[in-house]
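# Close look at the chain arrangement
Read off the chains here:
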Amino acid sequence: MPREKTCGHGRDYPCTCAMGNLYRFVEPVVLLLLKKKGRSYGYDLGNALQGHALTDAAIERAALYRTLRNLEANGNVVSEWETDRAGPARRVYKLTRQGEAHLNEWAAVLDHVAQSMGRFVKDARSLAAKTSRAGAKSA
């Protein structure tokens with residue numbers, strides 16, 4: 001699915017409207033793992049996925065393979081069957097140049113999200129401290 005570049009979110013960071021499921025952050029983690037590994041197959045990515053997860057939500061294998069299919073359909077990864085090893089053939093995935101650019105977009109988006117979350121946490125803690133101090137004064 002192509003990303004809409006003119007959603008009205010501004011030009012400071014890429015639009016997140018069509019960047020996949022932000023809830024589990026599967027797509028950026030898969031892109032990062034492929035960048036680190038150079039090439040990999042689904043089972044290997046699945047084993048590494050939870051160790052690199054951006055949330056504590058479990059990432060199901062089905063979500064991984066759905067993400068890989070979507071990334072390939074959008075030109076961010078390419079795959080080929082590896083048949084030169086003993087055992088069954090397996091599909092090996094590799095990041096494309098477009099996929100590397102998409103990983104950089106995700107890095108910008110997640111940087112923005114991290115900054116926003118940091119501000120949120122700071123504000124929430126500040127308000128909690130004020131409430132706590134006000135409660136202590138009235139006691």
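Residues numbered from 1 in each chain as written. Predicted model: local features only at pLDDT ≥ 70, side-chain atom pairs only at ≥ 80, totals over all residues. Heavy atoms only, no water.

### Regarding the overall build of the protein chain
The test is simple: For helices the rule is a DSSP run of H or I covering at least 4 residues; for strands it is a run of E covering at least 2, with both sets numbered from the N terminus onward. Note on exposure labels: buried denotes an accessible area under 20% of the residue type's maximum, exposed denotes more than 50%, and partly exposed covers the range between, all computed with a 1.4 Å probe on protein chains only. We call two residues in contact when some of their heavy atoms are within 4.5 Å.
Within the protein chain, the secondary structure is distributed over four helices and three strands. Going from the N terminus to the C terminus, the protein chain shows its helices and strands as α-β-α-α-β-β-α. Looking at the protein chain residue by residue over its 139 residues, the buried ones come to 29%. Here the analysis covers contacts within the protein chain between residues at least 6 apart in sequence; of these, 53% occur between residues at least 24 apart.

### So, the nonpolar core
The tendency in soluble globular proteins is for nonpolar side chains to be buried side by side. Keep this limit in mind: To define a nonpolar core, start from buried Ala, Val, Leu, Ile, Met, Phe, Trp, Tyr and Cys residues and group those joined through side-chain atoms within 4.5 Å.
By size, the foremost hydrophobic cluster in this structure holds 20 residues, and its most contacted members are Val30, Leu34, Leu49 and Leu68. Counting only elements with at least two residues in this core, the list comes to helix H1 (26–37), helix H2 (42–49), helix H3 (61–73), strand S3 (90–95) and helix H4 (97–138). Broken down by element, the residue count for this core peaks at six residues, all from H1. Discounting chain neighbours no more than four positions away, the residues touching Val30 are Leu49, Leu64, Thr67, Leu68 and Leu71.

### Describing the packing of aromatic side chains
Counted only if it meets this: To pair, rings of Phe, Tyr and Trp, with the six-membered ring standing in for Trp, must have centres within 6.5 Å; the planes then decide the type, stacked if under 30 degrees apart, edge-to-face if over 60, and tilted in the middle. By definition here, charges over rings are those cases where NZ of Lys or CZ of Arg is within 6 Å of the ring centre and within 35 degrees of the ring normal.
All chains considered together, the criterion is met by zero aromatic pairs. Directly above the aromatic system of Tyr41 lies the positively charged group of Arg90, at a separation of 3.8 Å from the ring centroid.

### Re the sheet that holds strand S2 (residues 77–82)
The following threshold applies: At least two bridges found by DSSP between two strands is the condition for calling them paired. Between N-to-C directions, angles span 0 to 180 degrees; the directions come from axes that are lines fitted to C-alpha atoms, helices contributing only their stretch in contact.
Taken in spatial order, the three strands of this open sheet run S1-S3-S2, and their pairing is antiparallel. The open sheet has two edge strands with one neighbour each: strand S1 (39–41) and S2. Along the sheet, successive strands turn relative to each other by an average axial angle of 30°, direction set aside. By the bridge criterion, six bridges tie S2 to S3 in an arrangement that is antiparallel. Each residue of the ladder has a partner; that of Val78, found in S3, is Lys94. On top of the sheet, H3 reaches S2 and S3; it is set at about 115° to S2, its chief contact.

### Description of H4
Structural remark: α-helix, 3.6 residues per turn; residues separated by three or four positions point the same way. Using the following cut-off: Here a helix's expected span is defined as the number of its residues, less one, multiplied by 1.5 Å.
When the terminal C-alpha atoms of H4 are compared, their 61 Å separation across 42 residues agrees well with the 62 Å that a helix rising 1.5 Å per residue should span. Turning to H4, its buried residues number three or more, namely Gly99, His102, Leu103, Glu105, Trp106 and Val109. Where H4 is buried, its residues contact H1, H3 and S3.

### With respect to the pattern of salt bridges
Applied cut-off: A carboxyl oxygen of Asp or Glu within 4 Å of a side-chain nitrogen of Lys or Arg is what we treat as a salt bridge.
Summed over the entire model, instances satisfying the criterion amount to six salt bridges. Between Asp44 and Lys37 there is a salt bridge, and its shortest N-O distance comes to 3.1 Å. Judged by relative accessible area, Asp44 falls into the partly exposed class, the value being 24%. Taking the relative accessible area as the measure of exposure, Lys37 reaches 36% and is therefore partly exposed. Across the pair Arg85 and Glu82 runs a salt bridge whose closest N-O atoms are separated by 3.5 Å.

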